[in-house]
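Listed below are the residues making up each chain.
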Amino acid sequence: MTAAESFESFSSPWTLARRAERMNPSILREILKVTDRPGILSMAGGLPSPESFPVEAMRAACERVLRDTPREALQYAASEGFAPLREWVAAHLAVQGMAVGADQVLITTGSQQGLDLVAKVLVDAGAPVAVETPTYLGALQAFAPMEPVFASVASDADGPLPEAVAALSHDAPGTRFLYVLPNFQNPSGRLMPEARREALVAAAKQAGVPLVEDNPYGDLWFDEAPPRPLAARWPEGTIYLGSFSKVLAPGLRLGYVVAPRALYPKLLQAKQAADLHTPGFNQRVVHEVIRDGFLDTHVPQIRAMYRRQRDALCEALREHLPAGSEWQPPSGGMFCWIRLPAGCDAVALLPQAVEQGIAFVPGAAFYARQPDARTVRLSFVTLTPDEIRTAVTTLGALLRRHLTEDAPTPTP
């Protein structure tokens, strides 16, 4: 039953908009309802570790804001965002090679709102929107109500293939943008190397396809910082999205969009229509925390913790996954992407995994087209190294049992 049919099955004076038909529950959120049980070792949620939250710094910043600027913090604020925070974002991005003015920074209620604003401003019904294979589920949800036609761009371990991007000019003429996560992508964990970034931007320019670059994980590198953003290479053709969720706390719902100046006014108007402004109190608190270089010492602590968890995961995967499993050690971020052996269906295996006390996310939800039923996303940052080893040991045993039970019986 579709959402509209479910709605219409009740006596109601309301008529749903056509776009509401494309608003469906998040598959990931529905999975998390099942897996969020006491005693479950969950590697399903894309949640940062609560051990990384700077509770004391936040408490002190709240006290200072309420002491020094209480009325300003609790009043309505500018739709563009708190000016000192916008200036901080511009300076932070300059270190990464982006020439950005504070007047190009729009503070959003999480980077998810940035995706929603981009969709409202740029996508018409029937217009092509290009995405990686696989891609972030939340982006598909944000774009889908605008009724685009998704063009799924062929990708490898380095990201979208440049030749597939160049081909958009004739395979999907009029493509509004290519949505891409170059740094430790959700769900695959892959990092786009320097050469691929150069080739992708050149291909996008050739095809006349602008870029929407999403970078929530770029600061969470383990051994080496990522290459310069795509937006630094094609500033007039790229919208850049960032977030404070992974380096401070997701409960603050604080992100930002950096847009070319020609496009900024329309994004601002969409923001005004959505919520007037992102909570000013939250913006002032975050600025109070980060303005004197707090992230320079805080983020390396997160990296070190996540690196230990990554190492425990990789060691356990090497030891316990059955032959035929495919995966690459992530060099940053929060996720590891696995392709299970032939004959495995991750969706079908999930209920059995939950019964065994573990949880993962089947990868099929992250495909705009032609999902791969053998793929799995594991998040490794909310479990201890010992819990990770226990969870992967259980997963490996489940897969081996499944492969053994489903193996054909030898003919005498």
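Rules used throughout
All residue numbers refer to position in the chain's written sequence, counted from 1. With pLDDT at 70 or above as the cut-off, local features in this predicted model cover only qualifying residues; side-chain atom pairs require 80 or more to be listed or tallied, and sums for whole chains, interfaces and linings still use all residues. In computing side-chain values, all of the structure's heavy atoms are included and hydrogens and water are not. Criterion for a disulfide: a pair of cysteine sulfur atoms at a distance within 2.5 Å. Accessibility here uses a 1.4 Å probe with only protein chains present; expressed as a share of the type maximum, an area under 20% marks a residue as buried, one over 50% as exposed, and anything in between as partly exposed. Two strands pair if DSSP finds at least two bridges between them. The helix count covers DSSP runs of H or I at least four residues long, the strand count covers runs of E at least two residues long, and both are numbered beginning at the N terminus. Axes here refer to lines fitted to C-alpha atoms; in helices the fit is confined to the stretch in contact. Angles between the N-to-C directions go from 0 to 180 degrees. Contacts: residue pairs with any heavy atoms within 4.5 Å of one another. Think of pLDDT as the predictor's per-residue confidence, scored from 0 to 100. Pairing of aromatic rings covers Phe, Tyr and Trp, the last counted by its six-membered ring, and requires centre-to-centre distances within 6.5 Å; plane angles under 30 degrees mean stacked, over 60 mean edge-to-face, and any other angle means tilted. Helix crossings get a hand from a simple test, with the near helix turned counterclockwise from the far one by less than a right angle marking a left-handed crossing and a clockwise turn marking a right-handed one. Nonpolar residues are Ala, Val, Leu, Ile, Met, Phe, Trp, Tyr, Cys and Pro. Charged residues are Asp, Glu, Lys and Arg, and all others, Gly as well, are polar. Each polar contact in these results corresponds to two N or O atoms within 3.5 Å; when the atoms are within protein, one needs to be able to donate a hydrogen and the other to accept it, and residues that are neighboring in sequence are counted only if both atoms are side-chain atoms. Here a salt bridge means any side-chain nitrogen of Lys or Arg lying within 4 Å of a carboxyl oxygen belonging to Asp or Glu.

A. Layout of the state of the cysteines. Throughout the structure, instances matching the rule amount to 0 disulfides. Left unpaired, Cys-336 is separated from the closest cysteine sulfur, that of Cys-314, by 5.9 Å. Judged by relative accessible area, Cys-336 falls into the buried class, the value being 0%.

B. Structural context of the sheet that holds strand β9 (residues 238-243). The strand order across the open sheet built from 7 strands is β2-β10-β9-β8-β7-β3-β4, with neighbouring strands paired in mixed fashion. Two strands close off the open sheet at either side, each with one partner strand: β2 (105-108) and β4 (149-152). Taken over all neighbouring pairs, the strand axes of this sheet differ in orientation by 20° on average, direction set aside. Across 4 bridges, the pairing between strand β8 (residues 211-214) and β9 is parallel. Across the sheet, Asp-214 pairs through a bridge with Leu-241, a residue of β9. On top of the sheet, helix α11 (residues 264-275) reaches β2 and β10 (255-258); it is set at about 20° to β2, its chief contact.

C. Seen up close, the confidence of the model for the protein. Summary statistics for the protein give a mean pLDDT of 94 and a share of 93% for residues scoring 70 or more. Taken together, the stretch residues 408-412 has pLDDT below 50 and engages in 0 contacts with residues farther than four places along the chain or on a different chain.

D. Geometry of the sheet that holds strand β11 (residues 326-327). With respect to topology, 4 strands assemble into an open sheet ordered β11-β12-β15-β14, the strand pairing being antiparallel. Two strands close off the open sheet at either side, each with one partner strand: β11 and β14 (361-362). The pairing of β14 with strand β15 (residues 375-379) spans 2 bridges and is classified as antiparallel. Residue Pro-362 lies in a different strand from β15, and its bridge partner there is Val-376.

E. Seen up close, the packing of aromatic side chains. A full pass over the atoms with the stated rule returns 8 aromatic pairs. Plain terms: the ring middles of Phe-143 and Tyr-179 are 5.6 Å apart, the flat faces sit at 80° to each other, and that makes the pair edge-to-face. Remark: Tyr-179 occurs in strand β7 (residues 178-180) and Phe-143 occurs in helix α7 (residues 137-143); sequence separation between them is 36 residues. No difference in accessibility class separates Phe-143 from Tyr-179, as the two residues are buried. Plain terms: the ring middles of Trp-337 and Phe-366 are 6.2 Å apart, the flat faces sit at 85° to each other, and that makes the pair edge-to-face. With Trp-337 in strand β12 (residues 335-339) and Phe-366 in the loop between β14 and β15, the pair connects residues that are 29 residues apart, well separated along the chain. Both residues of the pair, Trp-337 and Phe-366, belong to the buried class. An aromatic cluster is defined as three or more aromatic residues linked by ring pairs; in this entry it consists of Trp-88, Phe-244 and Tyr-256.

F. Broad picture of the packing of helix α6 (residues 110-122) against α11. As a packed pair, α6 and α11 sit with axes 9 Å apart at the nearest point and diverge in direction by 115°. Helix-helix and strand crossings are classified by hand; for α6 and α11 the assignment is right-handed. Contacts between α6 and α11 involve Gln-113, Leu-117, Val-118 and Val-121 from the first element and Lys-266, Leu-267, Ala-270, Lys-271, Ala-274 and Asp-275 from the second. Split by residue class, the contact of α6 with α11 holds 6 nonpolar, 1 polar and 3 charged.

G. Highlighting the side chain of Ser-379. Looking at the element boundaries, Ser-379 is found in strand β15. Here the side chain of Ser-379 touches Gly-45 through a polar contact of 3.1 Å, landing on its backbone oxygen. In this structure Ser-379 touches Met-43, Gly-45, Gly-46, Met-334 and Phe-335, once residues within four positions along its chain are discounted.

H. View of the pattern of salt bridges. Across all of its chains, the model carries 18 salt bridges by this definition. Between Arg-59 and Glu-56 there is a salt bridge; the shortest N-O distance is 2.5 Å. Linking Arg-59 with Glu-56, this pair stays in helix α3 (residues 55-68), spanning 3 residues, or about one helical turn. A salt bridge links Arg-389 to Asp-386, with the shortest nitrogen-to-oxygen separation between them at 2.7 Å. One end of the pair is Arg-389 and the other is Asp-386, both in helix α15 (residues 385-406) and 3 residues apart, which spans about a single turn. What makes Arg-389 partly exposed here is its relative accessible area of 31%. Classification of Asp-386 by relative accessible area gives exposed; the value is 53%. Three or more residues are tied together by salt bridges with common partners; here these are Glu-194, Glu-198, Arg-228 and Arg-233.

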